[in-house]
Amino acid sequence: MDKKGHESHEHNYNHDHHHHEHHSHDYNGKHTHESHHEHHGHKDHHQHENHDHHNHGSHSGGHDHHDHGDMVDDFKKRFYISLIITLPILALSPMIQSFIGVDWRFTGDLYILFTLSSIVFFYGGWSFISGGISELKEKNPGMMTLIALAITIAYGYSTMVVFGWEGSQFFWELATLVDIMLLGHWIEMKSVMGASNALDQLVKLMPNEAHRLDENNEVEDVPLSALQNHDRVLVKPGEKIPVDGTIIEGKSAIDESMLTGESVPVEKTDGDEVIGGSVNKEGSLKLQVEKTGEESYLSQVITLVKEAQESKSRTQDLTNRAAKWLFYLALTAGFATLFIWLFLGYSFDVAVERMVTVMVITCPHALGLAAPLVVAVSTSISAKNGLLIRNRANFEGARNLNAIVFDKTGTLTRGEFGVTDIIPAQGYKEEEILKLAASIEQNSEHPIAAGIVTETNEKDIELGNVTDFESITGKGIQGYVDRKKVNVVSPGYVNNNNLSYDQQVFDKMSEEGKTVVFALLEDKLIGMIALADIVRDTAKEAIGTLKDKGVHSIMLTGDNQNVANWVAGQLGIDEVYAEVLPDDKANQVKRIKEKGWKVAMTGDGVNDAPALATADLGIAIGAGTDVAMETADVVLVKSNPNDVVALMNLSRKTYRKMVQNLWWATGYNIFAIPLAAGVLAPIGIVLSPAVGAVLMSLSTIIVAINARLLKA
């Protein structure tokens, strides 16, 4: 991670005490240990071992969410049972019998037909009826309302016919409609499995117990909810920090990558503040509790995510918008048909039969499969390309994006150090400096050390033998390579010892946000090594492609302006917002939306979650935190910014295919509704339900074939 938020020459480079300057605020503008560092970065996968997946934390309220998998199985079961019952319904329907030219009528056959159809209606159709009711409550009719209308009318009318009303019954129509719609919903839900609840994931970050110390320093384990402000708590190495607090005794490196994305564990000691949910890596710590429950950092992020999710307009996807119009059309055409037939002097029985036919036909069977089949194909294509789509409606909208906001660290950059420059002193070669520095760095766990060692691996440089390796406070690290004394030290050490170096080159590198360390041989300066967070090559390609498409790329980062400008320069991004605090990220996205733009946000850390939830499309990088992934609409599994471009292309193709399918599905209606309404009745042509059934099957088959033709 670049040493963000402070100039490189303040970098006290030594391995046991690695300082960051922390100057930043919590949400209320108070001073907390939230570094200005880009709160954000490459995830250390050790966090997953620590996930208490069983634990819902103290403030979860134990949300028990309906398991997605259970719902898929439920639709599957209802589909198969309804399908089996449909076979005798078809055989018993007088209309189907006359269509295939048989007569299987017997006494009481219609009562059996009524009983079987009632099972299909109440068991198979229940999800649609309850879904329709809740859509109507929200005054936003969609697919569920349309299906509920068609099956309720078909069932109600057919039941009246069985019990004495003049007309013909539509039980076969009801049963086949329920079957196809259940099949469609099952296919769709199966293909978008895995969407789960963002807030549950946030809550899982918190441990559920803490070791509280009493007056005699005895430890007692208490639930998190029992902690009060100013209680003292013990945190052992490897444990999660239970609450926001201040260290009163002890020293350790704290891994905050989960929360802030800062990939470098931060050294903390007495008087420093720590955030609940971060991981204590090395030493034992005693803390004083400063914030509990609602006030803690994580709770505030949870609240921000909740607010953003609630305020995000619930966009309906394409099928639901089409279904809404068909619902209004069914009602209008149905009542118009009834009144016109009555007006022309026909009996009420005949007029009602016409009306029912029109209303049932307006809900096309093919509509049930038009979208689900495209969704299934598009989801499997996207999964192969490393895109997990969690919100269909927002994914459909990706084709219209005007602006994409990228978080910097971990998204545009890798979130890990790499060597960018080696400046040798006179008489020394770059390789020699690298070899000596890496030789003594190979024993260090530090991210800077890792960056230098990786560089020698890439250049195939053999490392020397090290003896007497030690880390000396105020001196960086020291060791003997092939019996010669080598130090790798911070700028502070070099200045204190009045060693001369090229100040101009150093200042330029520092301004670009690079961390500079110095190599000494026998106490003599032999060169400078500059390191920075390495920019992803794929990010450069992606931003170039987006530019060609006329999509505006924007960088949003908590890092300082110089670092942000340097990275933006390498990538060709024109608009940069730096030093942005977590809650401001969401506001910045809102401001961009207010320009009337469609905005996507790409990020990977807990502090990006509110912004991901606010944007029109939230895109999480797969290497990021679970919380970011849970809040996003799409997850890029390969952490490749190029996939943002692939995502927009796939969205465009998927949408086009859906529109085609909806025309095939509803085109049949445009043709069948007037005929069913009896426009051609004066010349003796009324659409017989049997012919309607054949047309309906045809449009369903066309829709199924067309969906298969979707290519990435």
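Looking at an unreviewed UniProt entry, the chain carries the name P-type Cu(+) transporter, with the source organism given as Salinibacillus aidingensis. As recorded by UniProt, the Sequence similarities (unreviewed entry) comment attached to the chain reads in full: "Belongs to the cation transport ATPase (P-type) (TC 3.A.3) family. Type IB subfamily." Per UniProt, the chain has the following entry under Subcellular location (unreviewed entry): "Cell membrane".

K.L.:
Would you mind going over the packing of helix H6 (residues 171–191) against helix H12 (residues 365–384) with me for this structure?
P.N.:
A pair of packed helices can be characterised by two numbers: the angle between their axes and the separation between those axes. Between H6 and H12, the least distance of the axes is 8 Å, while the angle of their chain directions is 15°. As the angle between them shows, H6 and H12 are arranged roughly parallel. Here H6 runs over H12; the crossing is left-handed. Across the interface between the two elements, Glu173, Thr176, Leu177, Ile180, Met181, Leu183, Gly184, Ile187, Glu188 and Ser191 from H6 touch His365, Gly368, Leu369, Pro372, Leu373, Val375, Ala376 and Thr379 from H12.

K.L.:
I keep staring at the sheet that holds strand E3 (residues 209–213) and nothing clicks. Help me out?
P.N.:
Pairing in this open sheet of six strands is antiparallel, and the strands run E4-E3-E5-E11-E6-E9 from one edge to the other. Edge positions in the sheet fall to strand E4 (219–223) and strand E9 (273–274), since each of these pairs with one other strand and no more.

K.L.:
Is there a simple way to explain a nonpolar patch on the surface in this structure?
P.N.:
Taken together, the side chains of Phe99, Ile100, Trp104, Val694 and Leu698 define a hydrophobic patch exposed on the protein surface, amounting to about 510 Å² of accessible area. Of all the secondary-structure elements, those providing two or more residues to the nonpolar patch are helix H2 (94–100) and helix H25 (689–708). Residue Val694 is classed as partly exposed on the basis of its relative accessible area, which comes to 41%.

K.L.:
I keep staring at the environment of Ser252 and nothing clicks. Help me out?
P.N.:
Checked against the element boundaries, Ser252 lands in strand E7 (residues 252–255). Taking the C-alpha atoms as reference points, Ser252 and Lys281, 29 residues apart in sequence, are found 6.7 Å from one another. Excluding residues within four positions of it along the chain, Ser252 makes contact with Val266, Glu267, Lys268, Asn280, Lys281, Glu282, Gly283 and Leu285. Here Asn280 takes part through its side chain, which lies 2.5 Å from a polar atom of the side chain of Ser252.

K.L.:
Would you take a moment to explain the packing of helix H5 (residues 143–162) against helix H11 (residues 348–361) for this structure?
P.N.:
Relative to each other, H5 and H11 sit at 150°, their axes nearing to 9 Å. As judged from the angle between their axes, H5 and H11 are roughly antiparallel. For the pair H5 and H11, the crossing hand works out as left-handed. Counted together, Ala150, Ile153, Ala154 and Tyr157 of H5 and Asp349, Val352, Glu353, Val356, Met359 and Val360 of H11 form the full contact between these two elements. For the contact of H5 with H11, the class distribution of residues is eight nonpolar, no polar and two charged.

Conventions we followed
Residues numbered from 1 in each chain as written. Predicted model: local features only at pLDDT ≥ 70, side-chain atom pairs only at ≥ 80, totals over all residues. Heavy atoms only, no water. UniProt positions renumbered as here; feature names shortened; annotations may be inferred. Axes fitted to C-alpha atoms, helices over the stretch in contact; angles between N-to-C directions. Helix = DSSP H or I, 4+ residues; strand = E, 2+ residues; numbered from the N terminus. Parallel < 35°, antiparallel > 145°, perpendicular 65-115°, else oblique. Left-handed = near helix turned anticlockwise from the far one by under 90°. Contact = heavy atoms within 4.5 Å. Pairing = 2+ DSSP bridges. Patch = residues over 30% accessible without salt bridge, like charges linked within 9 Å, V, L, I, M, F, W, Y side chains within 5 Å. Areas by Shrake-Rupley, 256 points an atom, 1.4 Å probe, with all protein chains shown as cover. Salt bridge = Lys/Arg side-chain N within 4 Å of Asp/Glu carboxyl O. Buried < 20%, exposed > 50% of the residue type's maximum accessible area, 1.4 Å probe, protein only. Polar contact = N/O pair within 3.5 Å; in protein donor to acceptor, adjacent residues only side chain to side chain. Nonpolar A, V, L, I, M, F, W, Y, C, P; charged D, E, K, R; others polar.

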